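# Residue-level structural notes
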Amino acid sequence: VQLQASGGGLVQAGGSLRLSCAASGRTYRRYDVGWFRRAPDKELGFVAAINWSGDSTYYADPVKGRFTISRDTVKNTVYLQMNSLEPEDTAVYHCAAGRSDISWPQIFSDEYEGWGQGTQVTVSS
């Protein structure tokens with residue numbers, strides 16, 4: 001399965017954005033979806049994950065209470081609703097499909113595949 005993120009943009013601190021992650025290819029298989037981000041001069045970091053059925057979610061501490069991950073299994077799309085954005089959230093956001101349909105949660109990038117191009121999120125102060 002191949003995933004592609006979209007929906008990024010420029011927003012002021014305190015604002016909101018909703019990112020989308022559209023799947024193509026072997027969408028019939030069960031796969032968790034994870035969001036990661038890479039800030040300037042920083043390592044790729046885990047943001048949030050949702051399991052294949054959409055009934056379990058997991059968040060990195062910095063985004064808990066502000067970001068919400070969800071999925072539409074009919075549209076094969078996962079969303080990341082980002083509220084109360086902070087300048088520290090500025091990064092390129094990527095989504096990918098979990099390799100395992102057993103291990104949960106998967107929070108390391110090497111547990112994922114099907115990476116597409118990311119989408120830039122810029123939060124101004």
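Treat the numbers as computed from the prediction; the structure is a model and nothing was measured.

The secondary structure content of the protein chain amounts to 0 helices and 11 strands. Relative to its length of 125 residues, the protein chain is compact, with a C-alpha radius of gyration of 13 Å against a globular reference of 14 Å. Projecting the C-alpha coordinates of the protein chain onto the three principal axes gives extents of approximately 40 × 25 × 25 Å. Here the protein chain holds 125 residues, and the buried ones make up 43% of them. Residue pairs in contact within the protein chain that sit at least 24 positions apart in sequence constitute 58% of those at least 6 positions apart. Entry remark: accessible area of the protein chain is about 6500 Å², with carbon and sulfur atoms responsible for 47%. One finds the centroid of the 12 positive side-chain charges in the protein chain at a distance of 5 Å from the centroid of its 13 negative side-chain charges.

To continue, consider the state of the cysteines. Simply put, the disulfide is a covalent bond whose two ends are the sulfur atoms of two cysteines. Inspection of every chain in the model, using the stated rule, returns 1 disulfide. The residue that forms a disulfide with Cys21 is Cys95, at a sulfur-sulfur distance of 2.2 Å. Measuring handedness by torsion sign, the sulfur bridge of Cys21 and Cys95 sits at about 90° and is right-handed. Taken as a pair, Cys21 in strand β3 (residues 17-24) and Cys95 in strand β9 (residues 91-98) lie far apart in primary sequence, 74 residues in all. Both residues of the pair, Cys21 and Cys95, belong to the buried class.

Attention now moves to the pattern of salt bridges. Tallied over the entire structure, the rule returns 6 salt bridges. In this structure, Glu113 and Arg29 form a salt bridge, with 3.0 Å as the shortest nitrogen-oxygen distance. You can see Glu113 sitting in strand β10 (residues 112-113) and its partner Arg29 sitting in the loop between β3 and β4 (33-38), a full 84 residues away along the chain. The exposure class of Arg29 is buried, given its relative accessible area of 16%.

Once that is clear, we can look at the pairing of β3. Here 5 bridges tie strand β1 (residues 2-6) to β3, and the two strands are oriented antiparallel to one another. What sits directly across from Ser6, in β3, is Ser20. Bridging between β3 and strand β8 (residues 77-82) involves 6 bridges; their strand directions are antiparallel. Within β8, the residue paired with Cys21 across the bridge is Val78.

Once that is clear, we can look at the nonpolar core. When a protein is soluble and globular, its nonpolar side chains tend to lie buried together. Counting residues in hydrophobic clusters, the biggest one holds 29 residues, and the most contacted among them are Leu3, Trp35, Leu80, Met82 and Tyr93. Looking at this core, the elements that each hand over two or more residues are β1, β3, β4, β5 (44-50), β7 (67-72), β8, β9 and β11 (119-124). When neighbours within four sequence positions are excluded, Tyr93 is seen to be in contact with Ala5, Leu19, Trp35, Phe36, Arg37, Val47, Phe67, Leu80, Met82, Gly118, Thr119 and Val121. Membership of the second largest hydrophobic core comes to 6 residues, among which are Phe36, Phe46, Ala49 and Ala96.

Reading the values: the criteria
- Residues numbered from 1 in each chain as written.
- Predicted model: local features only at pLDDT ≥ 70, side-chain atom pairs only at ≥ 80, totals over all residues.
- Heavy atoms only, no water.
- Helix = DSSP H or I, 4+ residues; strand = E, 2+ residues; numbered from the N terminus.
- Rg over C-alpha atoms; globule rule 2.2 N^0.38 Å.
- Buried < 20%, exposed > 50% of the residue type's maximum accessible area, 1.4 Å probe, protein only.
- Contact = heavy atoms within 4.5 Å.
- Areas by Shrake-Rupley, 256 points an atom, 1.4 Å probe, with all protein chains shown as cover.
- Lys, Arg positive; Asp, Glu negative; His and termini not counted.
- Charge placed at Lys NZ, Arg CZ, Asp CG, Glu CD.
- Disulfide = S-S within 2.5 Å.
- Salt bridge = Lys/Arg side-chain N within 4 Å of Asp/Glu carboxyl O.
- Pairing = 2+ DSSP bridges.
- Core = buried A, V, L, I, M, F, W, Y, C linked by side-chain atoms within 4.5 Å.

So, to be careful, I would describe these as geometric facts and stop short of saying anything about function.
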